[in-house]
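# Notes for the structure review
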Amino acid sequence: MIRKQLNYYLAHLGQDIPAGLVVFLVALPLCLGIALASGAPLLSGIVAGIVGGLVVSWASGSQVSVSGPAAGLTVIVMAAIEQLGGFQVLLLSVVLAGAMQAVLGFAKAGTIGAYFPSSVIKGMLAAIGIILILKQIPHAVGYDADFVGDEAYLQLDSQTTLSEIAVALKAISPGAIIVSTVSILIMLLWETPAIRKLAWLRFIPGPLVAVLWGLAFNQLAPEISPTLAIAAHHLVSLPSIDNLDGFIHQLTFPDYSRISDPQVWVVAGTLAVVASLETLLSLEAVDKLDPLRRVAPTNRELKAQGLGNILSGMLGGLPLTAVIVRGSANINAGAHTKVSCFLHGILLLVSVLFIARVLNMIPLACLAAILLLTGYKLAKPKLFMELYRKGTNQIVPFVVTIIAILFTDLLKGMGIGMLCGLFYVMRANFHAALTLTRDGNNYLLRLQKDVSFLNKPLLRELLEQVEPCSSLIIDGHRAQFIDQDILETLYDYRRSAVDDNIALELRGLETAAVPRRRKVTSAPAGWNPRQLPVVLSITTGAAATPALATPVAEHRQTSARAA
């Protein structure tokens, strides 16, 4: 379902073009802020964003994920530059890390992404949303001591996330507050039914209007009321480049003479592992946010990220990963295909070459407003209530993951959340079996015994075997227990099946969603289960098809097997 034809992309340009513009506005300050925090040239962050948009978007199997420099790598990059003795040597490590990621992709290491429990992934999304809100409050009030895009609780300016807010409230800029408040109101207004009914406004994204408002305020405030003027250090700060030759002249290239240095390879291995984990986490999260519930191939994503890091390192860019903030902004803006990500890469390149002076007039406060709303959409109260209603085994890992990420960082927090999730999984004693049977264009997928989230990779593999324009029955009557992750995967597949014209019927899933207590009974004398007849049939339309007799795949397992 990932590979689409040209007509598919052209049909959704009306949604993808505005979304690409919004992602560009979000990504621009993030690229600059992460480069600044990493101790690298500002242009290196832009280069990584350009590569992520122009190259990784098409190499990836995801339709809505967006790649670029990641805040989670800033500490590693800064330490590596000092350890290796220069930025050019780091670029060599980035190239080598990309090659390692590609090898991981061919080795099918991406399968690990399917083993993250759904409650932990949702906890990560909510934590990212809360972090966005907390981190953008200082920028919204005009206090920009910390770099845009920081996600760590302990900041590089010796403050914590919470103490930074307290300091920011003592250094309020009235102009910045006006810009951010009006920007939020504009974007909320743009989502109302009254605005959406107007055809000529529907295709103009609200964040773009908010940015235009910020530009206008920045130009008029000094003349109308100088006290409301926004200082230069509260504005976007793109490097000044006049033309393509100037852009190429400012690029930095790797120092290949250090390729035999063991430290270079150690840094490369560290970057490859951390970037791959962040990418897989981001991919799982973005798949959850995708309204069509499309599932991107993880191994292909590792190959795409490897290619991206090789090119980024060769051109003087920072290491890149798939980034949740950009991906969620892309989805919230209405993106449907990867054209939006590609367009954001084009806009990053054009902005550096031709319109840097205009973009340097944009207040950071209006960009902070965009991220504030993005954060709220990731951490809506409705999500907390939904997990609470699903029971302790869902809400506890969810909350633990949020708290852990807020007070550590993304990877450490996810590790703690995974341990909590695995604790609840280990409490259940289960066995699982999945059977897919085919007769022509008719398929029968049976869930038998206990089906846990460990069966998710196998389930995805079997669902991928179902061809477009066919009929599929998913029968859970024989299952004693179906894990919440499996149910979500099936319900997500039901949405995406419409895209490939698959007629889908779900049977017996609700009764198996809650574990049933098994009754032990004695078998009658002379009873032999092998003598029982097994007849499987599928009825489509008004007539019944012949009995299904050709097994495609039958798996019975007591532990997870890689897809």
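Source: prediction; values computed, not measured.

Thresholds, definitions, all that
The numbers attached to residues start from 1 for each chain and follow its sequence in the written order. Totals for whole chains, interfaces and linings use all residues, but because this is a predicted model, local features are given only for residues with pLDDT of at least 70 and pairs of side-chain atoms are given and counted only at 80 or more. Excluded from the side-chain calculation are hydrogens and water; included are all heavy atoms of the structure. Secondary structure is summarised from DSSP: a helix means a run of H or I of at least four residues, a strand means a run of E of at least two, and numbering begins at the N terminus for each. Relative accessibility decides the category of a residue: with a 1.4 Å probe and only protein chains considered, values under 20% of the type maximum give buried, values over 50% give exposed, and everything between is partly exposed. Note on definitions: a residue-residue contact is assigned when non-hydrogen atoms from the two residues lie within 4.5 Å. Using a 1.4 Å probe, accessible areas were evaluated by the Shrake-Rupley method; residue-level cover was limited to the displayed protein chains. Helix span, expected: 1.5 Å multiplied by one less than the number of residues in the helix. To get the bend at any residue, fit one axis to the seven residues that end at it and another to the seven that begin at it, then take the angle between the two axes. For two strands to pair, DSSP has to find at least two bridges joining them. Residues forming no salt bridge and having over 30% relative accessible area are the ones grouped into patches, like charges within 9 Å of each other and nonpolar side chains (Val, Leu, Ile, Met, Phe, Trp, Tyr) within 5 Å. Note on definitions: salt bridges are taken to be side-chain nitrogens of Lys or Arg within 4 Å of carboxyl oxygens of Asp or Glu. Centres within 6.5 Å are what make two rings of Phe, Tyr or Trp a pair, Trp counting through its six-membered ring; a difference in plane orientation under 30 degrees is then read as stacked, over 60 as edge-to-face, and the rest as tilted. Think of a nonpolar core as a cluster: buried Ala, Val, Leu, Ile, Met, Phe, Trp, Tyr and Cys residues, connected wherever their side-chain atoms sit within 4.5 Å. Predictor confidence is given residue by residue as pLDDT, running from a minimum of 0 to a maximum of 100.

A word on the overall build of the chain. In terms of helices and strands, the chain carries 24 helices and 10 strands. Here the chain, with 563 residues, has 55% of them falling under the buried criterion. For the chain, contacts bridging at least 24 residues in sequence account for 81% of all contacts bridging at least 6. Of the roughly 24600 Å² of accessible surface on the chain, 64% is carried by carbon and sulfur atoms.

Before going further, it helps to spend a moment on helix H3 (residues 42-59). In this model, H3 (18 residues) spans 26 Å end to end at C-alpha, consistent with the 26 Å of a helix rising 1.5 Å per residue. By the largest-angle criterion, Gly52 marks the main kink of H3, which is about 35°. Counted residue by residue, H3 has 13 buried out of 18 residues, so it is predominantly covered.

Glancing now at the pairing of strand E4 (residues 442-451). Counting buried positions along E4 yields 9 of 10 residues, so the element is predominantly enclosed. When E4 meets strand E5 (residues 471-475), the two strands line up parallel, connected through 5 bridges. By the bridge assignment for E5, Asn442 is matched with Ser471. The sheet contact formed by E4 and strand E6 (residues 479-482) spans 3 bridges and is parallel. The residue of E6 that forms the bridge with Asp450 is Phe481.

Turning to a nonpolar patch on the surface, a few remarks are in order. There is a patch of nonpolar side chains on the surface, built from Ile346, Val350, Phe354, Ile355 and Val358 and spanning about 400 Å² of accessible area. You can see Ile355 is positioned in the loop between helix H16 (339-353) and helix H17 (356-359). Given the relative accessible area of 34%, Ile355 is considered partly exposed.

Another point: the environment of Ile50. Inspection of the secondary structure puts Ile50 in helix H3. Residues Ile50 and Cys31, spaced 19 residues apart in sequence, show a C-alpha to C-alpha distance of 9.8 Å. In contact with Ile50, not counting residues within four places along its chain, are Val55, Phe247, Gly345, Leu348 and Leu349.

Our focus in this paragraph is unusual backbone geometry. Positive phi, normally seen in glycine, also occurs at Arg293, with a value near 55°. With respect to the helices, strands and loops of the structure, Arg293 is situated in the loop between helix H13 (262-289) and helix H14 (298-314). Its identity is not glycine, yet Cys469 carries a phi of approximately 60°, on the positive side. Assignment of secondary structure puts Cys469 in the loop between helix H22 (456-464) and E5. For Cys469, a relative accessible area of 52% translates into the label exposed.

Per the stated rule, a full pass over the model turns up 13 salt bridges. Of the charged contacts, one joins Lys390 and Glu488 as a salt bridge, the two residues approaching to 2.8 Å between their closest N and O atoms. With Lys390 in the loop between helix H19 (381-389) and helix H20 (392-407) and Glu488 in helix H23 (residues 484-497), this residue pair connects regions lying 98 residues apart in the sequence. A relative accessible area of 25% places Lys390 in the partly exposed class. The partner of Glu467 in a salt bridge is Arg438, and the shortest N-O contact between them spans 3.5 Å. Separated by 29 residues along the polypeptide, Glu467 in the loop between H22 and E5 and Arg438 in strand E3 (residues 432-439) bring together distant segments of the chain. The class of Arg438 is partly exposed, set by a relative accessible area of 29%. Several salt bridges share partner residues, and in doing so they unite Lys122, Lys288, Glu386, Lys390 and Glu488 into one network.

Further remarks concern the packing of aromatic side chains. Per the counting criterion, the structure on display carries 6 aromatic pairs. Between the aromatic rings of Phe423 and Tyr424, the centroid separation amounts to 5.4 Å while the plane-to-plane angle is 80°, which identifies the pairing as edge-to-face. Among the aromatic side chains, those forming a connected cluster through ring pairs are Tyr8, Tyr9, Trp58 and Phe342.

Among the structural elements, Ala479 can be located in strand E6. For the pair formed by Ala479 and Leu509, sequence separation is 30 residues and the distance between their alpha carbons is 8.4 Å.

Relative to the assigned elements, Ser38 resides in the loop between helix H2 (13-37) and H3. Excluding anything up to four places from it in sequence, Ser38 contacts Thr74, Val77, Met78, Ile81 and Leu318.

Our focus in this paragraph is the nonpolar core. Core analysis: the biggest nonpolar cluster contains 104 residues, and Leu28, Ile46, Leu90, Met124, Leu238, Phe247 and Leu367 have the highest contact counts within it. Excluding anything up to four places from it in sequence, Leu238 contacts Leu28, Leu32, Ile46, Ser351, Val352, Ala356, Leu359 and Asn360. Ranked by size, the runner-up nonpolar core spans 22 residues in total, among them Leu436, Val451, Val466 and Leu487.

So, on to the confidence of the model for the chain. Confidence in the prediction of the chain, expressed as mean pLDDT, is 85, and 88% of residues score 70 or more. Contacts from residues 516-524, a stretch scored under 50 in pLDDT, to residues over four places away or in other chains number 6 contacts.

Relative to the helices and strands, Val286 resides in helix H13. Here Val286 falls in the buried class, since its relative accessible area comes to 0%. Placed 36 residues apart in sequence, Val286 and Ala322 show a C-alpha to C-alpha distance of 9.4 Å. The contacts of Val286, once residues within four sequence positions are left out, are Val64, Ser65, Gly327 and Ile331.

Moving on, we come to helix H5 (residues 87-106). Over its 20 residues, H5 extends 29 Å from the first C-alpha to the last, a length consistent with the 28 Å expected when each residue adds 1.5 Å. Most of H5 sits inside the fold, with 14 of its 20 residues counted as buried. A positive backbone phi angle near 65° is found at Lys108, which sits one or two residues after H5.

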